Amino acid sequence: MIDDLWYKNGVIYCLSVGSYMDANGDGVGDFKGLLRRLDYLHGLGITTIWLMPFQTSPGRDDGYDIADYYSVDARYGTLGDFVEFAHGCKQRGIRIIIDLVVNHTSDQHHWFKEARRDRTSPYRDWYVWSDKKPANADKGMVFPGVQKSTWTRDKEAGAYYFHRFYDFQPDLNTSNPHVQAEILKIMGFWIQLGVSGFRMDAVPFVIATKGAKVKKPVEQYDMLRAFREFLQWRQGDAIILAEANVLPKTDMEYFGRDADRMHMMFNFHVNQHLFYALASADSRPLAKALKATKPRPATAQWGLFLRNHDELDLGRLTKAQRDSVFRNFGPDKDMQLYDRGIRRRLAPMLGGDRRRLELAYSLMCTLPGTPVIRYGDEIAMGDDLSLPERNCARTPMQWSTEPHGGFTKSNKPACPVIDKGPYGYPHVNVAKQRRDPNSMLNWTERIVRMRKEVPEIGWGDFTIIPVRDPAVFIMRYDWRNNSVLFVHNLDEKPREIAFSAGLPDEAGAHLINLLAEDHSHADKRGQHRIVLEPYGYRWYRVGGLDYLLKRSDIDGDTVRGKKHPG
Ligand code: NOJ
């Protein structure tokens, strides 16, 4: 079906145009500014940019309330600027995926305006109505505490409309064939303009049955096949990356048993257990989560992330696990959101501790899937908790020590740049870190490069190597007669550990460190003994003696005692 599996071994970088770089000095980031930063991104080594919504929007949910799908919001530029940007990406071999937000529109979309104005309009049935207030109107809110209801009465329409999210985001009636056809048209439009696929927003809600009489929504999975089929017909290598925070038992429904639905899904299940592992130094629930999400078609892929633009949703953890993450990473009420998550950025959550940041990123890059980096995390940006809800972690990119972090020449950035405290732009910025070989930025660049050189992670089969100490987490990947092995110490104390690579005979006798000089050679019983510093990690290529001697590349050199080229 698909004619290029590029997404199996890439690194995705997610950003919103409005907060990245402002070229025209009006205080809002734009496509021209982003274009100027493409060489920075190319240098970082990312393979794909995921653009958050940039279409015309009143901007009440950071663009997730779209008023015109076939446009660029004037604040960010024009369609022409988008095409220039797409061309710049193409020249550098960077792919683009964009958000596809079709569960709902803005209430300012002309479809909704028509629908509410005129009962007989063809657009009326594009939305979900009820004459009376449905009995379950105060259930199923996605933003509890902020959103009061899922049905709101519209005076002009003389009826209630359904909205899974905020009341200014009326749900589209996705069962309507005209709506379905329009969704395909939107995909076709952007594909034609050079994107390689879509991060599909709120997928479980897009495919759920909707209506006043629906007590328990049912997912219509066939819809996913229709989306994919269309995309593949139009462009063989285009993909859909689904935002679907679902239970592992339904993963296969989303991927499709015949690999005919979503190409990728974010692994929310692993994400939450990863944060629990970081908080508790107990890797066992993470191992369980990895096993639970292991089944997937060979061509499918997980998107692996640490923090994204939303709150860190901990809803799938047990109460005790969730409390532990809250205690460690978001103890104040002000840091928590929607009764289920933490709204902070990664660096402040981890106390700005470089060792922990590296550990977290090393884990993200070595768990099964394709890593997704959030802009600013490569320089360990912080958050501004004085901003409401999720906005605290969406502040502009910090480029330099110039006013407003070099983000804009305007004195009034639409969103304030963090300028005070340890995460303020005078301390945390790209220019400064670029000059420092040991900076987080340069570390990220190195780890991204190495991640791409280890395709076993994206393509291979993983095995979790048993160790007695739950603070130590070891995984091995095997692919096409190659193996790699990763060791992580989740704890603040050092560890001395002994383990076997778990391969027959001599195959796992030598572990060649990919990031430093200390390689490991097993003893006669096949045991490796290594000392891990607090929060330490190792990336190894696995080889038996024969295997190493046969190879003429760096691994063989190491065995013959020559210096490993760094
Ligand atoms: C999920 C997005 O990630 C979030 O930011 C947004 O508010 C909702 N979907 C609604 O579109």
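Residues numbered from 1 in each chain as written. Predicted model: local features only at pLDDT ≥ 70, side-chain atom pairs only at ≥ 80, totals over all residues. Heavy atoms only, no water.

> Would you explain the sheet that holds strand β11 (residues 312-313) in this entry?
Whenever strands of a sheet pair, they do so through backbone hydrogen bonds, lying parallel or antiparallel. One open sheet holds the three strands; their spatial order is β11-β13-β12, and the pairing between them is antiparallel. For this open sheet the edge positions go to β11 and β12 (336-337), each flanked by a neighbour on one side alone. Across two bridges, β11 lies against strand β13 (residues 341-342) in antiparallel orientation. The residue bridging Asp313 from the neighbouring strand is Gly341, located in β13. (Pairing = 2+ DSSP bridges. Helix = DSSP H or I, 4+ residues; strand = E, 2+ residues; numbered from the N terminus.)

> How do you make sense of the UniProt feature "domain: Glycosyl hydrolase family 13 catalytic" (unreviewed entry) in the protein when you look at a structure like this?
In the numbering adopted here, UniProt assigns the feature "domain: Glycosyl hydrolase family 13 catalytic" (unreviewed entry) to residues 14-434. Taken end to end, residues 14-434 is 30% helix and 12% strand, and its first and last C-alpha atoms sit 20 Å apart. (UniProt positions renumbered as here; feature names shortened; annotations may be inferred.)

> Honestly, empty space enclosed by the protein in this entry has me stumped. Any pointers?
Over the atoms rolls a probe the size of a water molecule, and in doing so it shows where empty space is left. For the coordinates displayed, the defined rule picks out three cavities of 30 Å³ or more. Of the volumes computed, that of the largest cavity is approximately 50 Å³. As for the largest cavity, its lining consists of Ala244, Val246, Leu247, Pro248, Asp251, Phe266, Asn267, Phe268, His269, Thr293 and Trp302. Tallied by class, the residues present in the lining of the largest cavity amount to seven nonpolar, three polar and one charged. (1 Å grid on protein atoms, 1.4 Å probe; cavity = no way out; pocket = protein on both sides within 12 Å on 5 of 7 lines; lining within 4 Å. Points joined across faces, edges and corners; volume = space filled by probe spheres on them. Nonpolar A, V, L, I, M, F, W, Y, C, P; charged D, E, K, R; others polar.)

> Is there a simple way to think about the packing of helix α13 (residues 354-366) against helix α15 (residues 440-452) in this case?
If you want to describe how two helices pack, look at the angle between their axes and the distance between the axes. Close contact between α13 and α15 brings their axes to 11 Å; oriented N to C, the two are set at 20°. Between α13 and α15, the crossing angle belongs to the class labelled roughly parallel. For the pair α13 and α15, the crossing hand works out as right-handed. In this structure, α13 contributes Arg354, Leu357, Glu358, Tyr361, Ser362 and Cys365 to the contact, and α15 contributes Met440, Trp443, Ile447 and Arg451. Per-class residue counts for the contact of α13 with α15 are six nonpolar, one polar and three charged. (Axes fitted to C-alpha atoms, helices over the stretch in contact; angles between N-to-C directions. Parallel < 35°, antiparallel > 145°, perpendicular 65-115°, else oblique. Left-handed = near helix turned anticlockwise from the far one by under 90°. Contact = heavy atoms within 4.5 Å.)

> I'm lost on the layout of surface pockets in this one. Help?
Its boundaries defined by the atoms lining it, the largest pocket holds a volume of some 1000 Å³. If you trace the largest pocket, you find 46 residues lining it, with Val142, Pro204, Phe205, Asn245 and Arg316 closest to the centre. Those elements giving two or more residues to the lining of the largest pocket turn out to be α6 (203-206), α9 (268-280) and β11. Of the residues contributing to the lining of the largest pocket, the split by class is 21 nonpolar, ten polar and 15 charged. Summarising the domain contributions, the lining of the largest pocket has at least three residues from each of domain 1 (6-103 + 175-452) and domain 2 (110-162). (Domains from an automatic or database assignment.)

> Looking at this structure, I do not really get the side chain of Arg340. What am I missing?
One can find Arg340 in the loop between β12 and β13. A polar contact of 2.8 Å, which involves the side chain of Arg340, links it to the backbone oxygen of Val142. (Polar contact = N/O pair within 3.5 Å; in protein donor to acceptor, adjacent residues only side chain to side chain.)

> What's the story with the sheet that holds strand β3 (residues 95-100) in this structure? I'm lost.
Taking strand neighbours around the barrel as the criterion, the eight strands line up as β1-β2-β3-β7-β8-β9-β10-β14 in a closed arrangement whose pairing is parallel. Adjacent strand axes in the sheet meet at a mean angle of 25° when their direction is disregarded. As defined by bridge partners, strand β8 (residues 239-242) adjoins strand β9 (residues 264-266) across two bridges and the pair is classed as parallel. Residue pairing for β9: Ala242 is matched across the bridge by Met265. Against the sheet, helix α5 (residues 177-192) engages β3, β7 (197-200) and β8, with an angle of about 135° to β7.

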